[in-house]
Protein chains: 2
Amino acid sequence: MANTDSVSVRVFSLNCWGIRYLCKHLPQRYVMIGDMLSKEKHDIVLLQEVWSEKDYLYLRQTLASSHPHSHYFKSGVIGSGLAIFTKFRIHDTFLYRYSLNGYPYMAHHGDWFGGKAVGLAVLNIGGLTAKVYITHLHAEYCRDKDSYLPHRVVQAWELQQFICHTSVGADVVILGGDLNMHPQDLGNRLLWTATGLRDSYSETAEFDGCEDGFTVIPDNLFINKKELIPFNKGIRIDYILFKGSSKADVYCDFMSTTKGSAPGHPYPYSDHEALTVKFRLETHSSTDADGDGRLKNQESSADSVAALVDIVTEARTEVKVGLHCAERMRYTATRTAVMGLALLLLELAIAAVPWLALGAEQAFPRTSFYLLAALCLAILLTTALLYVFYTMELKSLQGAEDQMRLVVGSLQEKLRGFRLVQPQKSQRNPPEGLETRAVDPE
Amino acid sequence: MANTDSVSVRVFSLNCWGIRYLCKHLPQRYVMIGDMLSKEKHDIVLLQEVWSEKDYLYLRQTLASSHPHSHYFKSGVIGSGLAIFTKFRIHDTFLYRYSLNGYPYMAHHGDWFGGKAVGLAVLNIGGLTAKVYITHLHAEYCRDKDSYLPHRVVQAWELQQFICHTSVGADVVILGGDLNMHPQDLGNRLLWTATGLRDSYSETAEFDGCEDGFTVIPDNLFINKKELIPFNKGIRIDYILFKGSSKADVYCDFMSTTKGSAPGHPYPYSDHEALTVKFRLETHSSTDADGDGRLKNQESSADSVAALVDIVTEARTEVKVGLHCAERMRYTATRTAVMGLALLLLELAIAAVPWLALGAEQAFPRTSFYLLAALCLAILLTTALLYVFYTMELKSLQGAEDQMRLVVGSLQEKLRGFRLVQPQKSQRNPPEGLETRAVDPE
């Protein structure tokens, strides 16, 4: 066996619920968060919903000595809300903006303006290249009738694509954030199966926190208990996921969550609970990853490829539902535009009559005329904008569906390869493209 | 020395100039392109500006036997215009949409509606994992006063980020497309230095095509000669770039371009010239990449790191110019909105006077009142949209600038590491994060 070096890394994740002037006790909560973080000195801090850059700058100042390196990911109108603070130097960052993220006219939901994205920071932890991802997916406002489900599924799809394609060569991969998905939700299954990322809560040796690892609980002062029904005890939608590599094994030694209150303070840090995970990174020479271990992994990956085919197929169905909705919405916008145009033409025709019959007795109803014309123009403008927006939504959904179809085809070919290889145990090469997917046995 | 296997790969790239009803002889040109491609049977065909999905479907049908695998990258309102046709199975695809891409109100330039992006297709060529990128950057409409320069620089920045982060582990990397940049332009220097991609035209053993590798030339029937001034002989803005890896060397044996006409046809395939490159991929065992070769690369990369620092610093300056412009535009939008609002309030105040003084003799000028009110509302709505748009532009520019600053810091630290290592030739580890940048010596 090879020599092993062990490094301990503490990772913290919190959705800060940080809309200025709207979220309760925000300035006080940022002071609490800043104090706690500078005291606790986690190695990596992943914050979501830091909507105001001023708040990020306040935290950066507060954490200057405990976390000298930080990055704030900017996107959308308001920002992505994503911030990372760390003890390690950040060598590089990269931001991927999700192609779908709600609707601008659903301003009360606000997700569109947030420019949801996944941020990547490249760190060096004790000689290991760590790729640390932070994200926040579209919120779920109504679980029974979730009109944003196709958007969230596409976000999960793009998230796994981004992680699969950018984490190659990384020794350690960590993803933290508010996924707005329950553990067994389609998007989560897709993400976990495709990337091979493991769930800290399921893997931790020791846990201290809310029942079932819940991160939104009724005991939290800021939570409206009615909104949690039928999940009376809470839901788990915030995660810290991880995976190692042939160069380093990652173990989750301890995980904790806050429990609806911040010790010594009148209210909690946020409406979400904070997660803290203690990882142990064990570096070993890469040679012992070959041989038996590799074979074992290759066999098991036939099952995971089959599982991935099922999940991607399920995701395709959901995207098709979204396509159908978007097509209907675009059709409605088109029809409304046509009606607006017809009304405008009719009005112009009516207006033309008195002008043609000069000297008619009856006065021309100018007020109604201009009001109605303004209304027609407003309808035309609005429907034109909606048409452009829905076309973009359709393109993104179609794009995701195309990619999913292609990947399913490639995975099925890989499965056929497995079936040929396994019974014969011949010396054939592994099927094409195995290296290119996340179920990579290395 | 290791054994070497040699594979030959022919890559084709063409900007198809494919706006339906606007671009001349489009249906005929697609027939010409389809016939030529199915006859020439290139291994990989990278097409840009295939704006209509119908045209893509026509080509897919025409090339079904010669190029059974294809993908059309969808984004934006119209689409990205990017299509790939290949003999090899496409195992996976991924699309990165540039965060900046012109302005929606510059409809006559149309770039914004195109949703410019970079597409990635993962292929397996003779046992090698090839990552093939296709892109099309924002056009340059006026070189002397190029208001889109900051956008194009940010696109080049995001393109190199995307390639650096997603090409790790690839055995062969190929990028084809219309970069809309001359060879020595800032964005090109940034892209080439950061990714280590090499230019087929500069590296080819044999070349048959336009002088200096020009891809837009005055001899092309569709080119307005006046627009090329002062580049009377032509410009080179289309490229096929490539790099190998420790597992495979890539050589460019032959390159050709069309010369302003399509043999046997009355007009050219497009307003751009088509590029064809013949690569030779030489696979070798990865062991011989270690040892001396690695050391040599490490030494030379100190120079390339220094060069990259200079180029990224130059790009930061350009992004700052863009930031300044975007801030000014947003300020103008805000000021116009305030004026519109003031006018509306003034009007309401004037209107209130006759209503308050009931029974006044003078008739209320309703027509002017409603017209003016509609104008004010239109101003308010337009400026609100512009404000949102410029805010998003600012966020993207600031984000790129932040990332550039961070990378420059990391590179400078790396340089200090080189300076410490080189004179001493000690047994220190290579500086942190070396693996994470594209100047990776592997």
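Keep in mind that what you see is a predicted model, and the values were worked out from it rather than measured.

**Observations concerning the relation of the copies chain B and chain A**
Inference 1: Take chain B, turn it by 180°, move it 0.0 Å along the axis, and it overlays chain A with an RMSD of 0.1 Å. Such values leave the two copies arranged in the relation of a two-fold axis. Residues of chain B ranked by C-alpha distance from the rotation axis are headed by B:T166, positioned 2.3 Å from it.
Inference 2: A shared binding surface is used by both copies, with 100% of the interface residues of chain B retained as interface residues in chain A.

**Observations concerning the packing of helix α4 (residues 149–166) of chain B against helix α5 (residues 186–195) of chain B**
Residue and element names in this part refer to chain B.
Inference 1: Interaxial distance between α4 and α5 falls to 9 Å at its minimum, and their mutual angle equals 15°. As far as their axial angle goes, α5 and α4 are roughly parallel. Relative to α5, the crossing made by α4 is right-handed. Contacts from V153, A156, W157, L159, Q160, I163 and C164 in α4 reach L186, G187, L190, L191, A194 and T195 in α5.
Inference 2: Class assignment for the residues of the contact of α4 with α5 results in 10 nonpolar, 3 polar and no charged.

**Notes on the packing of helix α1 (residues 26–40) of chain B against helix α2 (residues 53–62) of chain B**
All names here are of chain B.
Inference 1: Following both chains from N to C, one finds α1 and α2 inclined at 30°, their axes separated by 9 Å at the closest point. Judged on the interaxial angle alone, α2 and α1 are roughly parallel. The interaxial crossing formed by α1 with α2 has right-handed handedness. Within the contact between the two elements, α1 uses L26, Y30, V31, I33, G34 and S38 and α2 uses D55, Y58, L59 and T62.
Inference 2: Broken down by class, the residue content of the contact of α1 with α2 amounts to 6 nonpolar, 3 polar and 1 charged.

**A look at the interface of chain B and chain A**
Inference 1: Listed as interface residues are 57 residues of chain B and, on the opposing side, 57 residues of chain A.
Inference 2: Carbon and sulfur atoms make up 57% of the area that chain B and chain A hide from each other, which totals about 5,300 Å².
Inference 3: If you sort the residues of chain B by the area they bury against chain A, B:H91, B:F94 and B:H165 come out on top, with a joint share of 13%.
Inference 4: The tally of links from chain B across to chain A stands at 4 salt bridges.
Inference 5: Between B:R89 and A:E413 there is a salt bridge, and its shortest N-O distance comes to 2.6 Å.
Inference 6: For the interface between chain B and chain A, the tally reads 13 residue pairs in polar contact (both at pLDDT 80 or more).
Inference 7: Secondary-structure elements contributing two or more residues to the side of chain B that touches chain A are β3 (69–73), β5 (90–97), β6 (117–125), β7 (128–136), α4 and α9 (366–424) of chain B.
Inference 8: If one sorts the elements of the side of chain B that touches chain A by residue count, α9(B) sits on top with 20 residues.

**Side note on a nonpolar patch on the surface**
Residues and elements named next belong to chain A.
Inference 1: A cluster of nonpolar side chains, L343, L346, I350, L372 and L375, forms an exposed patch at the surface whose accessible area comes to about 430 Å².
Inference 2: Elements that contribute at least two residues to the nonpolar patch include exactly α8 (292–356) and α9 (366–424).
Inference 3: Among the elements that take part in the nonpolar patch, α8 stands out by supplying 3 residues, more than any other.
Inference 4: Turning to its location among the elements, L343 is positioned in helix α8.
Inference 5: We classify L343 as partly exposed; its relative accessible area is 33%.

**Digging into the state of the cysteines**
Residue and element names in this part refer to chain B.
Inference 1: With the rule as written, the count across this model stands at 0 disulfides over all chains.
Inference 2: Residue C252 stays outside any disulfide, its sulfur separated by 16 Å from that of C210, the closest cysteine.
Inference 3: Given a relative accessible area of 5%, C252 falls into the buried group.

**Focus on the confidence of the model for chain A**
Note that predicted coordinates carrying low pLDDT should not be read in detail.
Residue and element names in this part refer to chain A.
Inference 1: Taken over all residues, the pLDDT of chain A has a mean of 88, while the share at 70 or more is 88%.
Inference 2: The model gives residues 288–299 a pLDDT under 50, and that stretch makes 13 contacts with residues more than four places away or in other chains.
Inference 3: A low-confidence stretch, residues 425–442 (pLDDT under 50), is modelled with 46 contacts involving residues beyond four sequence positions or located in other chains.

Calculation criteria
- Every chain's residues receive numbers from 1 upward, in the order its sequence appears when written.
- Lettering of chains starts at A and numbering of ligands starts at 1, both following the order in which they are written.
- In keeping with the predicted nature of the model, local features appear solely for residues at pLDDT of at least 70, side-chain atom pairs appear and are counted solely at 80 or more, and the whole-chain, interface and lining totals rest on all residues.
- Note: side-chain values were computed over all heavy atoms of the structure, leaving out hydrogens and water.
- Superposition of the copies was done by least squares, using only C-alpha atoms of residues whose pLDDT is at least 70 in both.
- In what follows, a contact means two residues having at least one pair of non-hydrogen atoms within 4.5 Å.
- Whenever a helix is involved, its axis is fitted only over the stretch in contact; in every case the axis is a line through C-alpha atoms, and angles between N-to-C directions fall within 0 to 180 degrees.
- Segments assigned H or I by DSSP are reported as helices when at least four residues long, segments assigned E as strands when at least two residues long, and all are numbered from the N terminus.
- Working definition: roughly parallel below 35 degrees, roughly antiparallel above 145 degrees, roughly perpendicular at 65 to 115 degrees, and oblique for all remaining angles.
- The hand of a helix crossing depends on one turn: near helix anticlockwise from the far one by less than a right angle means left-handed, and clockwise means right-handed.
- Residues are grouped as follows: Ala, Val, Leu, Ile, Met, Phe, Trp, Tyr, Cys and Pro are nonpolar; Asp, Glu, Lys and Arg are charged; all remaining types, including Gly, are polar.
- Values labelled buried area give the accessible surface lost by two parts on being combined, using a 1.4 Å probe and summing over both.
- We define a salt bridge as a side-chain nitrogen of Lys or Arg found within 4 Å of a carboxyl oxygen belonging to Asp or Glu.
- Counting of polar contacts relies on pairs of N or O atoms within 3.5 Å, with two restrictions inside protein: one atom must be capable of donating a hydrogen and the other of accepting it, and residues adjacent in sequence are counted only when both atoms are side-chain atoms.
- Residues forming no salt bridge and having over 30% relative accessible area are the ones grouped into patches, like charges within 9 Å of each other and nonpolar side chains (Val, Leu, Ile, Met, Phe, Trp, Tyr) within 5 Å.
- Only the protein chains shown count as cover for residues, and the accessible areas themselves come from Shrake-Rupley with a 1.4 Å probe.
- Each residue's exposure class comes from its accessible area (1.4 Å probe, protein chains only) as a fraction of the maximum for that residue type: buried when under 20%, exposed when over 50%, partly exposed otherwise.
- When the sulfur atoms of two cysteines come within 2.5 Å, that pair is taken as a disulfide.
- You can read pLDDT as the predictor saying how much it trusts each residue, on a scale of 0 to 100.

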